[in-house]
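This is what each chain is made of:
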Amino acid sequence: MYDPARLRAESEPDPVQLCEILPTSAGHIDVPSDFDVDLSKPDGVTLLLACIQVQQEEIADIPFALDRFTEMVLSDLRNVTRVAPQCPEAVLALLTVGTCWVPARRAFRSAKSLEMWRWVHRAFATGDGIGQTAEIDSGPADRALRDHVWGPLVQLALVRLAPVLFHLAHQYDMAGDLAPHYEQNVFAICLPRLSTGDEASIEALVHLTAYLSKQGKSRQANELGHALERFLFTCPAHPLAGAVATLLASARPAITHQAPGAIAAWAFQHVSLDPHERLSLHVAASAEDVNDDVRFATLMKQLVTVGAFIDAQNDPLQASRDRGSIFSILGPLQRPLLAAGRTDRLLEVLGAWKGVPADQLRDDRCVTLGNTGSGVWYRPGPGPGSGRADSLVRLTKALNRALGLALVTGGMDDTALIAPADDEKRTEHAAELETALRDHFDVEDLADYINEQDASALVPLLPSLVPTQALLARSGGPVPPLAASFRKPLPDRAVSRVQLWCGDAPAATAEVRLLAAIFSNNFIEVDLVTGPDVTQKRFLSEYQRDDYDVIWVVSHGANPPYEPDRAAIVLNDTETVHLDDLVHAAAPTASGRRLLVLNTCQSAAADMQGPYDDRGIARSVVGPGQAVVGHLWRVDGHAAAVFGALLAIELAAESTFVKAFADALHHFQDWRALDKHFDGRGIGALVSELLQELPEPTILDWGSPVFME
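Residues numbered from 1 in each chain as written. Predicted model: local features only at pLDDT ≥ 70, side-chain atom pairs only at ≥ 80, totals over all residues. Heavy atoms only, no water.

Glancing now at the sheet that holds strand E4 (residues 375-377). As summarised here, the arrangement of the three strands in space is E4-E3-E5, forming an open sheet in which the pairing is mixed. Each edge of the open sheet carries a strand with a single partner, namely E4 and strand E5 (457-460). Averaged over all adjacent pairs, the angle separating strand axes in this sheet is 30°, with direction ignored. Taken together, the three bridges between strand E3 (residues 366-372) and E4 define a ladder with antiparallel strand orientation. Across the sheet, the residue bridging to Asn371 is Val376, located in E4. (Pairing = 2+ DSSP bridges. Helix = DSSP H or I, 4+ residues; strand = E, 2+ residues; numbered from the N terminus. Axes fitted to C-alpha atoms, helices over the stretch in contact; angles between N-to-C directions.)

Next up, the structure:
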């Protein structure tokens, strides 16, 4: 006899213990060991997801722990059907999307685009882990959305992830397949909930509207804009009213009945705005007319207020994350300021963003380098033309091939990110990288413009791995320093005392012998630290003293791709100076600035996730009293040693730090004439030993040195 109840009971899976569902990650979740989950019941699955997310939130401030735990959970979920064969597909889709939401949200708050995309991708990926597949299969989530039992829960998970998804598509031109695929789902789910004040739906609508507007989908953007406009004027006390006002006042073209400026003025009077929202409204107003003194002064006052709040946290890591978010807010100002030739105001904005007091901000002439998809922008006017369309895509692909990265930029298939970043340099792609760099900006014209402006520094708002100084030197042009701190540099010290640190890097011993000979031959006192004396403790102690005009480190360096917090100077197998060690170790205060030479791999590299890369060894320790020479990527030890010798010769010749670096970099380009720079200095045998080990350098050798101040 047909018995629906019996058949249903037989088809439903029995409750399963948590340790069976999540065999590798359950031990990290604070629940009883015999905790059972009924994978056929929404209440049981919701409780399981809540337990996972509670644990994620507890370790959210430890990125490595959060990543590892999340990957463990996702790997376990891939294998759930082995212990619960009848587990509904919709349950796995719900748990996967919900598990990826916490790390995606954390990256969203920190303006880390690559981390955002990593977890959005994992929410829909078919493989088990980054690097195993680039395939995205939205089928399970799509079917789950239509499921009469699980659909409401999957809708909620999708709505929570939607702000990250559409922010990626709007702000970074990423998630190019997923965003259009889910725009109608989110539109249909969230718009009816607007009148209820549902916060998750409103936040999703804000980012969806911004995305639709940028995509030129004016009908949908206007429909949402008008609905959000009505909501704003009806519910000005809602917690997300400020975010709504910011969107509506910033949208161009307008998507509201009232003018954006009128909405901003009304919001200032009637909405409780947080400091970031208030800043966003001032940015929108200033971008309308960058020469309006009153608007600019108001903007700067708010920016200083926000910056002071960031600095008050006394946490360099969190400050870097917060500044990434603020830089995104300031983005709409960059193009109009560059177009109007108001690089003075742009430097004021950047200085305030960086927390530089107005009286310490550098006031010399700088050339600011902006970035577009078709080239680098430095002259006033509308920016580079379309003659080099997609040059940024070609450059990004070349950087990936040559340096073992997985960067993604607008117009590129963003599944390329899932190709593992192995951080390995590949010489066979060096010529391709040099060609892509030259296609992306006109180096000769940039050199002419620097000379025209009599510029003393560059402010590069470019990807951190672009070797601007080396390309200028290669073309025979001027080589200004990179203004990384935005503060007025103190006068250089005369080089009379140098401390050399000899780590375990290849050619380190040969390099320090060569450097010691160069400095000693010019009557410069040398303190050589080698062997068991090379310790983290001693280095940090010496770093904070005021005994040396130059501190020079020859060792390994590390800046793992997309993990700037793990950047370090690796002195030897047991002694490492981490980024935070240096950040918390104050350089001495003096009347002149010293030079820190980090002749180590990746010492000048930086975070590659935010819109502006300010988290890295060199960038974190430059200031008025300390300039830094470092390397952008992994370098051959013999090439680094030869460059180091050229720099030492120029420093010993009583050059300024900037001139010494520029001359050394120019000489380093002329490989066949290097011998003449070393002749007559009593170092011939030492140099020839290095030159014999090194073939003619490529851009991966001569392009890596950088001078920052």
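Before going further, it helps to spend a moment on unusual backbone geometry. In this chain, Arg252 is followed by Pro253 through a cis amide linkage whose omega measures 5°. Here Pro253 lies in the loop between helix H13 (241-250) and helix H14 (260-270). Backbone geometry places Asp423, a non-glycine residue, at a positive phi of 65°. Positionally, Asp423 belongs in the loop between helix H19 (391-403) and helix H20 (430-440). A relative accessible area of 9% means that Asp423 is categorised as buried. (Buried < 20%, exposed > 50% of the residue type's maximum accessible area, 1.4 Å probe, protein only.)

On to the packing of aromatic side chains, then. Geometry of an aromatic ring pair is reported as the spacing of the ring centres plus the angle between the planes. Inspection of every chain in the model, using the stated rule, returns twelve aromatic pairs. Plain terms: the ring middles of Phe519 and Trp552 are 6.1 Å apart, the flat faces sit at 70° to each other, and that makes the pair edge-to-face. Taken as a pair, Phe519 in helix H23 (residues 508-521) and Trp552 in strand E8 (residues 550-554) lie far apart in primary sequence, 33 residues in all. Under the relative-accessibility criterion, Phe519 is labelled buried at 0%. On the numbers, 6.0 Å between centres and 75° between planes, the contact of Phe643 with Phe661 is edge-to-face. Of this pair, Phe643 sits in helix H27 (residues 637-652) while Phe661 sits in helix H28 (residues 657-669); the two residues are 18 residues apart in sequence, bridging distant segments of the chain. Like Phe643, the residue Phe661 is buried in the burial classification. Counting every residue linked through ring pairs, the aromatic cluster contains Phe643, Phe661, Phe668, Trp671 and Phe707. (Phe/Tyr/Trp six-rings, centres within 6.5 Å; stacked < 30°, edge-to-face > 60°.)

Right, let's talk about the environment of Leu632 for a bit. Structurally, Leu632 is set in the loop between strand E13 (626-631) and H27. Sequence separation between Leu632 and Asn559 is 73 residues, and the spatial gap between their C-alpha atoms is 9.6 Å. Apart from the residues lying within four places of it in its own chain, the contact partners of Leu632 are Ser464, Leu465, Val466, Pro467, Gln602, Ala604, Ala605, Gly703, Ser704 and Val706. (Contact = heavy atoms within 4.5 Å.)

Residues Leu22, Leu39, Phe539, Trp552 and Leu647 are the most contacted members of the largest nonpolar core, which totals 221 residues. It is helix H6 (residues 89-109) that contributes the most residues to this core, 13 residues altogether. Apart from the residues within four sequence positions on either side, Phe539 is in contact with Trp501, Ile551, Val553, Leu571, Val577 and Leu582. Core analysis: the next-biggest nonpolar cluster, separate from the first, contains 32 residues, Phe296, Leu337, Leu338 and Leu347 among them. (Core = buried A, V, L, I, M, F, W, Y, C linked by side-chain atoms within 4.5 Å.)

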